[in-house]
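Summary of structural features
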Amino acid sequence: MASDTQRGLLSSGTIVLFGIASWTLGNFLFFVLAARIIGADEFGLVAALLAVGVAALVPCGAIQASIGRAVAGGVATPATVPRLHRISWVWAGAVGLLGTLTILGLWMLHDIPGAALLITLFGLLPLVPLHVLLGAIQGRSRFVWSAATMVVLGWTRPVMLVPLSATIDDRLALAASAGSVAAAYGVAFLFHIRVPRTGDDRPETVRHIVVPMMAAVAALLGVGLATNADVVAGKLGLPAPLAGQFGALAPLGRTAVLIVPMALGFVLLPRVALLRRSGRPTRPLLGLAAVATVGLGLATAIAIAPLTHLIVRIFGPDYAAADHLLVPIVLAAVPLGVVVVTVNHAIALARTRLLWLMAATSLSTIVGLTVFHERVGQLLGVDAASTIAILVVHDLADRRGDTLSGGVLDLIRRVR
């Protein structure tokens, strides 16, 4: 039975992988166009701004994961989702108001790119409602709808970028391209209105979902820091051309590794929630997802090693000198990929204490980058060390036997 579940994880993961790969390809095209339009000297600032937006996207995945777990585990009914959807728009409005006041205040006191920040903020406000709907899709295992949403999210950005960059300031065009979130929200909303509103809608159900969601948000915020803080630190500590080169290549190399654990984590969560509900072990699935992530991450590094010069040339001549950075970026992202599947596994099991500990450990990324940020090697070293620390804390703090190391050992025993 466990092998059937593992095969189901991989087959469903293929559907989601298609959506994430399409999203990745769209993002890659977007970064290539943006890097060529702006140039390496100026792209460091734009990359930092984009990194802040991506960092905001990652903890929203905790909202999706928590609702997906609740729907798959039977805690939330289809009638509960509309209430959560309405609450999410209230949250988005509150964040929008607070963010607007903060940006306006800083804009009046300091010389900051206030217009770009405001456009970025308003473009990202639908993220919370979008991930509520994606959680319902994930919990019902409707992975085709998930893939369709990801395709729209990835390809709207480069499609918007070209006409916008020809009419207004390039940086504002990059910020305005966050309108892709609204397009993806439209796809998810089409699924939402098709689902019958069956079951009870009890207010206490919302509380049972929101409380563990806070730990999940904190843990995935830690993943977001580990994924994007180095680009911001690079802008502050590296020379301008190198900061732009690193800001362009870091998302590319990192995403090449993370598409697999993102797909596996997406499918892993509802399956783990169902296994937990039936009292069956979940550790073998975690081990399979981790081994697949490491294996494919190393294979990616080997595959692109002889092609780095050609890949970097796509960004333009300003980036050719940075071709040696791509493979180290990929290798440093491998433990981060394992963190992604491990966090999703913990969310599916509602391990609130474990998630808070992993979130606290992720702060080591900020501490490390505060001290070490003057060379690219330092940035990547901090990335790898902090993500490995998160995995070590996970296994040391787990009291129920659902460890990453145990899952890998289970998989090895099964193969033998």
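These numbers were taken from a predicted model, which means no experiment stands behind them.

Brief notes about the overall build of the protein chain
Secondary structure summary: the protein chain contains 17 helices and zero strands in total. Taking all 416 residues of the protein chain together, the buried fraction comes to 56%. Look at the contacts in the protein chain between residues 6 or more apart in sequence, and 84% of them connect residues 24 or more apart. As displayed, the protein chain has an accessible area near 17200 Å², and 70% of this comes from carbon and sulfur atoms.

Some details on the pattern of salt bridges
Under the counting rule described, the total for this entry stands at six salt bridges. Across the pair Asp230 and Arg254 runs a salt bridge whose closest N-O atoms are separated by 2.3 Å. Taken together, the residues span a long stretch of sequence, with Asp230 in helix α9 (residues 203–237) and Arg254 in helix α10 (residues 240–277) at a distance of 24 residues. Of the residues examined, Asp230 reaches a relative accessible area of 0% and is grouped as buried. Ionic pairing is found between Arg351 and Asp398, a salt bridge with its closest N-O pair at 3.3 Å. Taken together, the positions of Arg351 in the loop between α13 (326–348) and α14 (352–362) and Asp398 in the loop between α16 (376–397) and α17 (404–415) put the pair 47 residues apart, joining distant regions of the chain. Accessibility classification places Arg351 together with Asp398 in one group, the buried group. Bridged by salt links that share partners, the residues Asp230, Arg254 and Asp383 form one connected network.

Notes on the side chain of Arg351
Here Arg351 falls in the buried class, since its relative accessible area comes to 11%. Those residues within four positions of Arg351 in sequence are excluded, and the remaining contacts are Ala346, Asp398, Arg400 and Asp402.

Comments concerning a nonpolar patch on the surface
Nonpolar side chains collect at one region of the surface, where Val90, Trp91, Met214 and Trp356 lie side by side and expose about 410 Å² of accessible area between them. If you trace the backbone, Val90 turns up in helix α3 (residues 80–109). Take Val90: its relative accessible area is 58%, and that puts it in the exposed class.

Brief notes about the nonpolar core
Counting residues in each nonpolar core, the largest one holds 73 residues, and the members touching the most others are Val16, Ile67, Val343, Ile347 and Leu355. Among the elements that line this core, the one with the most residues is α10, at 11 residues. Setting aside residues no more than four positions away along its own chain, Val16 makes contact with Phe143, Met150, Ala263, Phe266 and Val267. In this structure, Ala248, Leu252, Phe315 and Leu325 belong to the second largest nonpolar core, which totals 36 residues.

Observations regarding the environment of Ala215
If you trace the backbone, Ala215 turns up in helix α9. Between the C-alpha atom of Ala215 and that of Thr352, which follows or precedes it by 137 residues, the distance is 5.6 Å. Those residues in contact with Ala215 that lie beyond four places of it in its chain are Thr352, Leu355 and Trp356.

So, the packing of helix α5 (residues 127–139) against helix α8 (residues 180–194)
Closest axis-to-axis distance for the α5/α8 pair is 9 Å, and the angle between their directions is 40°. Between α5 and α8, the angle is such that the two are oblique. In the crossing of α5 with α8, the sense of the turn from one axis to the other is left-handed. Only Val181, Ala184, Tyr185, Ala188, Phe189, Phe191 and His192 of α8 make contact with α5, whose side of the interface consists of Leu127, Pro129, Leu130, Leu133, Ala136 and Ile137. Its residues assigned to classes, the contact of α5 with α8 shows 12 nonpolar, one polar and no charged.

Let's talk about the side chain of Thr361
Note on placement: Thr361 falls in helix α14. On the accessibility criterion, Thr361 (15% relative accessible area) is buried. A distance of 2.8 Å separates the side chain of Thr361 from the backbone oxygen of Leu357, its partner in a polar contact.

A closer look at the packing of aromatic side chains
Evaluated as defined, the whole model comprises three aromatic pairs. Note on Trp89 and Tyr185: the rings are 5.6 Å apart at their centroids and 85° apart in plane angle, and the pair reads as edge-to-face. Of this pair, Trp89 sits in helix α3 while Tyr185 sits in helix α8, placing them 96 residues apart in sequence. Judged by its relative accessible area of 36%, Trp89 is partly exposed. Where Tyr185 meets Phe189, the ring centres are 5.9 Å apart and the plane angle is 25°; that geometry is what we call stacked. Placement of both Tyr185 and Phe189 in helix α8 is noted, with a separation of four residues, approximately one turn of the helix. Tyr185 gets classed as buried once you look at its relative accessible area, which sits at 15%. Take Phe189: its relative accessible area is 31%, and that puts it in the partly exposed class.

A closer look at α10
Each turn of an α-helix holds 3.6 residues, which means side chains three or four residues apart point in the same direction. With 38 residues, α10 should reach 56 Å at 1.5 Å per residue; the first-to-last C-alpha distance of 52 Å fits that figure. Of all bends in α10, the biggest is about 40°, found at Leu258, and the proline Pro261 comes one to four residues later. Counting buried positions along α10 gives 28 out of 38 residues, so the element sits mostly inside the fold. Positive phi appears at Gly279, one or two residues downstream of α10, with a value of about 75°.

Regarding the environment of Leu101
With respect to the element layout, Leu101 can be found in helix α3. Relative accessible area serves as the criterion here: at 53%, Leu101 is assigned to the exposed category.

How each quantity is defined
- Note that residues are indexed from 1 along each chain, following the sequence as it is written.
- Per-residue local features are limited, in this predicted model, to residues with pLDDT of at least 70; the limit for side-chain atom pairs, both in listing and counting, is 80 or more; totals at the level of whole chains, interfaces and linings are taken over all residues.
- Derived side-chain values reflect all non-hydrogen atoms in the structure, with water molecules and hydrogen atoms excluded from consideration.
- Numbering of helices and strands runs from the N terminus; a helix is a DSSP stretch of H or I covering at least four residues, while a strand is a stretch of E covering at least two.
- Remark: exposure states derive from per-residue accessible area (1.4 Å probe, protein chains only) relative to the maximum for the residue type, with buried under 20%, exposed over 50%, and partly exposed in between.
- Note on contacts: a residue pair is in contact if any heavy atoms of the two residues lie within 4.5 Å.
- A 1.4 Å probe and the Shrake-Rupley method give the accessible areas. Residues count as covered only by the protein chains that appear here.
- By definition here, a salt bridge exists when the distance from a side-chain nitrogen of Lys or Arg to a carboxyl oxygen of Asp or Glu is within 4 Å.
- In this scheme, patches are assembled from residues that exceed 30% relative accessible area and form no salt bridge. Like charges are connected within 9 Å, while nonpolar side chains (Val, Leu, Ile, Met, Phe, Trp, Tyr) are connected within 5 Å.
- The criterion is simple. A nonpolar core is a set of buried Ala, Val, Leu, Ile, Met, Phe, Trp, Tyr and Cys residues joined through side-chain atoms within 4.5 Å.
- For helices, the fitted line uses only the C-alpha atoms of the stretch in contact; every axis is such a line through C-alpha atoms, and the angle between N-to-C directions lies from 0 to 180 degrees.
- Angle categories are assigned with fixed cut-offs, so that under 35 degrees is roughly parallel, over 145 is roughly antiparallel, 65 to 115 is roughly perpendicular, and the rest are oblique.
- For any pair of crossing helices, the crossing counts as left-handed if the nearer helix is rotated counterclockwise from the farther one by less than a right angle, and right-handed if it is rotated clockwise.
- Each residue is assigned to one class: nonpolar for Ala, Val, Leu, Ile, Met, Phe, Trp, Tyr, Cys and Pro, charged for Asp, Glu, Lys and Arg, and polar for all the others, Gly among them.
- In protein, a polar contact means a hydrogen-donor-capable atom and an acceptor-capable atom, both N or O and within 3.5 Å, with residues adjacent in sequence counting only if both atoms are side-chain atoms; elsewhere, any N or O pair within 3.5 Å suffices.
- Two aromatic rings, drawn from Phe, Tyr or Trp (for Trp, its six-membered ring), form a pair once their centres lie within 6.5 Å of each other, and the interplanar angle then sorts them: stacked below 30 degrees, edge-to-face above 60, tilted otherwise.
- By this rule the span expected of a helix is its residue count minus one, scaled by 1.5 Å.
- Note that the bend at a residue is defined as the angle between axes fitted to the seven residues ending at it and the seven residues starting at it.

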